[in-house]
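A closer look at the structure
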Amino acid sequence: MSARGKLWWWLGGLAIVLYCLFPVAWIVSLSLKAPSDLDNGSFLPSAVTWQNYQLILTGSASELFLPALRNSVGICLIATAIAVVLASLCAYAVARLDFPGKAFVLGLSLAVSMFPVISIVTPLFNIWRSIGLYDTWAGLVIPYLSITLPLSIWTLTAFFREIPWEMEQAAQVDGATTAQAFRKVIVPLAGPGVATTAIIAFFLAWNDFVYGISLTSTEAARPVPAALAFFTGASQFEEPTGAISAAAVIVTIPVVILVLLFQRQIVAGLTQGAVKG
Amino acid sequence: MAAITLSHVVKKYGDGYPAVNDVSLDIEDGEFVILVGPSGCGKSTLLRMVVGLEDITDGEIAIDGDVVNEKAPRDRKLAMVFQNYALYPHLSVFENIAFPLRLEKGRFSDEEIRERVERAADTLELREHLDRKPANLSGGQRQRVAMGRAIVRDARAFLFDEPLSNLDAKLRGQMRTEISRMQRRLGTTTLYVTHDQTEAMTLGDRVAVLKKGVLQQAASPRALYEQPVNLFVAGFIGSPPMNFLPGEVDGDTLRLPLADVPLSPELRERIGDRGLVIVGLRPEHLEDVDTFDEGGREGGVTFEADVDVVEWLGADLYAYVPFETHEEVAQTLEELDRDLDGEGMRTQLVAALGAESRVRDGDVAELWFDPARLMVFDPETGENLTYDEEAARRADEESVEERRRATERAQRRAARAEERAAGTGDHASAGGGRHTAA
């Protein structure tokens, strides 16, 4: 590539990075501003302060934030785990077996994921209240599954299709039982795919707002995105912007850590070189 | 080591089409048998039925007398090399080869596993690659790892599914001799699927030719070449393929498009009252009269041919002579060409002349052949009317004898090599120690 072409690539890349990171940087900057400093008219805080973080972690807002954080982590982990286990079974069958209705299963799951969340929320609200699922963890895990399952099924099906059938057959000829072939060959090969799917499913659940705000009423099950909406300033004349920003930064951290931890697996094409070419 | 017996094996898929139809084949202990045929002839399906990856619709497969129809692949104790190798990408070369041993829980200690893997690796010259991952190996190395995985345990038979088709031509030749050498030395029963007739002819003790799931002929390569039972086998075996010409019977003369051939009384009798036959003539049985020594040849048929195109390959020279075929056999021949994966192009005669021939594009060449070499086929059934069962049996017997001698020789040589290695055993184990330390 010519030096000139390289320059353009660099400029383009830089523009994209700036575009993506600017809102993040802004939130971080806001979270470090004192309430009186919010309208200082500059991007950076006049003086860096940790008081917003203190407020949500140990101060008055912590009663709202900490249970919400616990709810979010718990509910999202459970929803992800269930989704990945169920989706693995479904995707394995779809990728490996030939059965009538295969296209129907895939089509249906796609249709479910296309359904607008807001149109289901009101009926769900009524049903949940009458059967006692309102404001419980299970009450959120179930609708989250409706978001995470279709996506997990689709991504895992794609991953499983990539694993050559011959791997499993070779293992069987080499003397493995079906279970051994699955455990020693398919699972390690599917690992990166499953990890990637789990992360994406987790993010989907983690970012949900509509279900979170509609199907909960107390800290028993309210997740972070919903809890943020209930933040108030120290007095009614004070904006809770700083506290909300600090909370936003904190809930972004697990996402960033997860991606950094698994990016190798996400990117690595482990099946490369298994077959010819 | 085992004998494999297929009796009336049938494989039908959901649509009722028999991919394998009533195949019976006895594979003796230690024999190297090739399954060959054009694409879609059911050869791979048959192999996968033997190994247990496909269900058997009807018939019986027995290994050493035990019917294995219902047995899982792992219980059949066969080793298979897949076309795309199917190496485990997450395991090192060492672990790939050790995989079958590790599955036999408790049978081998770590020490034994290492010893066996290293022995297999030495056989296949993989020693310095044991720590690498399959992704970092070349095609030929991957192929050898796949073979290593097959030979590391005491499998009753080796099954190969087109193992060389993903390699380039040069490597294919090398690996072919390597497989042959290995099989002779180990003396393990081997069933080998290929669509490449060079592999079939060079490797096999016996070659089974399949067409659309039906076994056409199972015989030694020599017998297949010299005594094919029908048009299909004749057209499949040999490169360049056999020339097929329409032959009109006119009294004691057989009229071919390019020459008239006198019929011997015996041939006359075999043809019976057929007025039209298909005549097969191998390209290598045609010769350029100009290359004969002084005095020429006794007997034979000489004819003039308009050479259209000439291909010079160094050792050989192929001359192409177009001819008008007979309408009544045109369809049979076209069908045959399609069965052989051909394109049904123009009808032409190919002559494999010696490289010393001076024939060039557009020349009129004088070609010679011995009518005794002709094969005559029934135009409807494709049956070879000149088939000599006695000669075929003799060729088969010779091949069995050759195999026995070759196997003995290879095993003696291997035993000698082992003795030598035992003399320097300390050195070898020190090398092994270094390897694991590294």
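Remember, it's a predicted structure, so these values are computed and weren't measured experimentally. (Residues numbered from 1 in each chain as written. Chains lettered and ligands numbered in written order. Predicted model: local features only at pLDDT ≥ 70, side-chain atom pairs only at ≥ 80, totals over all residues.)

Re the overall build of chain A
For clarity, the cut-off: The way it works is that DSSP assigns letters per residue, a run of H or I at least four long becomes a helix, a run of E at least two long becomes a strand, and they are numbered from the N terminus. The burial criterion counts other C-beta atoms lying within 10 Å of a residue's C-beta, which is placed from the backbone; the residue is buried at 20 or more, exposed at 12 or fewer, and partly exposed between these limits. By definition, residue pairs are in contact when their C-beta atoms, positioned from the backbone, come within 7 Å.
Scanning chain A for helices and strands turns up 11 helices and zero strands. Listing every helix and strand of chain A by position from the N terminus yields α-α-α-α-α-α-α-α-α-α-α. Judged by the C-alpha coordinates and their principal axes, chain A covers about 75 × 65 × 30 Å. Within chain A, buried positions represent 32% of all 277 residues. For chain A, long-range pairs separated by at least 24 residues make up 76% of all intrachain contacts whose partners lie at least 6 apart in sequence.

Quick word on the overall build of chain B
Scanning chain B for helices and strands turns up 13 helices and 21 strands. Reported as C-alpha extents along the three principal axes, the dimensions of chain B are approximately 80 × 50 × 35 Å. Here chain B holds 438 residues, and 41% of them are scored as buried. Taking the contacts inside chain B whose residues are at least 6 apart along the sequence as the reference set, 72% of them involve residues at least 24 apart.

A few points about the nonpolar core
Our working definition: Note on definitions: a nonpolar core is a set of buried residues drawn from Ala, Val, Leu, Ile, Met, Phe, Trp, Tyr and Cys, linked by C-beta atoms within 7 Å.
Counting 151 residues, the largest nonpolar core has B:Leu159, B:Leu191 and B:Ala208 as its most contacted members. Residues contacting B:Leu159, with those up to four places away along its chain left out, are B:Leu47, B:Val50, B:Val51, B:Leu78, B:Met80 and B:Leu191. Residues A:Phe65, A:Val224, A:Ala226 and A:Leu228 belong to the second largest nonpolar core, which totals 16 residues.

What about the sheet that holds strand β19 (residues 348-354) of chain B?
Residue and element names in this part refer to chain B. Here is the rule we go by: Here a strand pair is declared whenever DSSP counts at least two bridges between the two strands. All axes are obtained by fitting lines to C-alpha atoms, using only the stretch in contact for helices, and the reported angles, taken between N-to-C directions, cover 0 to 180 degrees.
Read from one edge to the other, the open sheet built from three strands follows the order β17-β18-β19, with strand pairing classed as antiparallel. Both outer strands of the open sheet, β17 (309-312) and β19, are each paired with one neighbouring strand and no more. Recorded for the sheet is a direction-independent mean angle of 20° between the axes of neighbouring strands. Both strand β18 (residues 316-322) and β19 contribute to a ladder of seven bridges, which runs antiparallel.

Observations concerning the interface of chain A and chain B
Defined as follows: In the scheme used here, Gly and all other residues not listed as nonpolar or charged are polar, with Ala, Val, Leu, Ile, Met, Phe, Trp, Tyr, Cys and Pro taken as nonpolar and Asp, Glu, Lys and Arg as charged.
Opposite the 22 residues of chain A that make contact, chain B presents 24 residues. Secondary-structure elements contributing two or more residues to the side of chain A that touches chain B are α7 (165-173) and α8 (178-206) of chain A. With six residues, α7(A) is the single largest residue contributor to the side of chain A that touches chain B. Among the residues forming the side of chain A that touches chain B, the class breakdown is 11 nonpolar, eight polar and three charged.

Some points on the packing of helix α5 (residues 139-151) of chain B against helix α6 (residues 169-186) of chain B
Residues and elements named next belong to chain B. So the rule is basically this: For classification purposes, angles smaller than 35 degrees are called roughly parallel, those larger than 145 roughly antiparallel, those between 65 and 115 roughly perpendicular, and all remaining angles oblique. With the far helix as reference, a near helix turned anticlockwise by less than a right angle produces a left-handed crossing, and one turned clockwise produces a right-handed crossing.
Contact pair α5 / α6: the axes reach a minimum separation of 11 Å and the direction vectors enclose 15°. When the axes of α5 and α6 are compared, the pair comes out roughly parallel. In the packing of α5 onto α6, the handedness of the crossing is right-handed. Contacts between α5 and α6 pair Gly-139, Gly-140, Gln-143 and Ile-151 from the former with Leu-171, Met-175, Met-182 and Leu-186 from the latter. Looking at the contact of α5 with α6 residue by residue, the classes come out as five nonpolar, three polar and no charged.

Section: the sheet that holds strand β12 (residues 253-255) of chain B
Residues and elements named next belong to chain B. Read from one edge to the other, the open sheet built from five strands follows the order β13-β12-β11-β14-β21, with strand pairing classed as antiparallel. Two strands bound the open sheet, and with one partner strand each, they are β13 (260-262) and β21 (375-377). Strand-to-strand, the axes of this sheet are offset by a mean angle of 35°, without reference to chain direction. Bridge count between strand β14 (residues 276-281) and β21: three bridges; the pairing is antiparallel. Bridge pairing links Val-279 to Val-376 in β21. The sheet strands contacting helix α11 (residues 327-339) are β11 (243-250) and β14, and the helix crosses β14 at an angle near 50°.

Let's talk about the environment of A:Leu38
Residue and element names in this part refer to chain A. Along the chain, Leu-38 falls in the loop between α1 (3-31) and α2 (51-57). Separated by 201 residues in the primary sequence, Leu-38 and Glu-239 place their C-alpha atoms 8.9 Å from one another. Discounting residues that sit within four places of it in the chain, Leu-38 has contacts with Lys-33, Glu-239, Thr-241 and Gly-242.

Examining the pairing of strand β4 (residues 58-63) of chain B
Residue and element names in this part refer to chain B. Alignment of strand β1 (residues 4-12) against β4, held across five bridges, turns out to be antiparallel. Bridging across to β4, Ser-7 finds its partner in Glu-60. When β4 meets strand β5 (residues 66-67), the two strands line up antiparallel, connected through two bridges. By the bridge assignment for β5, Ile-63 is matched with Asp-66. In this antiparallel pair of consecutive strands, β4 and β5, the connection spans two residues, and Asp-64 shows a positive phi of 55°.

Focus on the packing of helix α6 (residues 137-162) of chain A against α8(A)
All names here are of chain A. The N-to-C vectors of α6 and α8 enclose an angle of 155°; their axes lie 9 Å apart at closest approach. In terms of orientation, α6 and α8 fall into the roughly antiparallel class. Regarding α6 and α8, the two cross each other, and that crossing is right-handed. Counted together, Tyr-144, Ile-147, Thr-148, Leu-151, Ser-152, Thr-155, Leu-156, Phe-159 and Phe-160 of α6 and Ala-190, Gly-193, Val-194, Thr-196, Thr-197, Ile-200, Ala-201, Leu-204 and Ala-205 of α8 form the full contact between these two elements.

A short note on unusual backbone geometry
All names here are of chain B. Between Ser-239 and Pro-240 the backbone carries a cis peptide bond, its omega angle lying at -5°. Tracing the chain through its elements places Pro-240 in the loop between α9 (231-236) and β11. Even without being a glycine, Ala-86 presents a positive backbone phi close to 50°. Relative to the assigned elements, Ala-86 resides in the loop between β6 (79-81) and α3 (93-103). Take Ala-86: there are 28 C-beta atoms within 10 Å of it, and that puts it in the buried class. You will see that Glu-125, though not glycine, has its phi angle at about 55°, which is positive. As for its position among the elements, Glu-125 is in the loop between α4 (110-123) and α5.

Side note on the confidence of the model for chain B
Residues and elements named next belong to chain B. Rule in force here: A residue's pLDDT is the confidence the predictor assigns to it, expressed on a 0 to 100 scale.
Looking at chain B as a whole, its pLDDT mean stands at 87, while 95% of the residues score no less than 70. A low-confidence stretch, residues 425-438 stays under pLDDT 50, and its non-local contacts, those more than four residues away or across chains, total two contacts. Across the interface, the model reports ipTM at 0.78; the global pTM reads 0.75.

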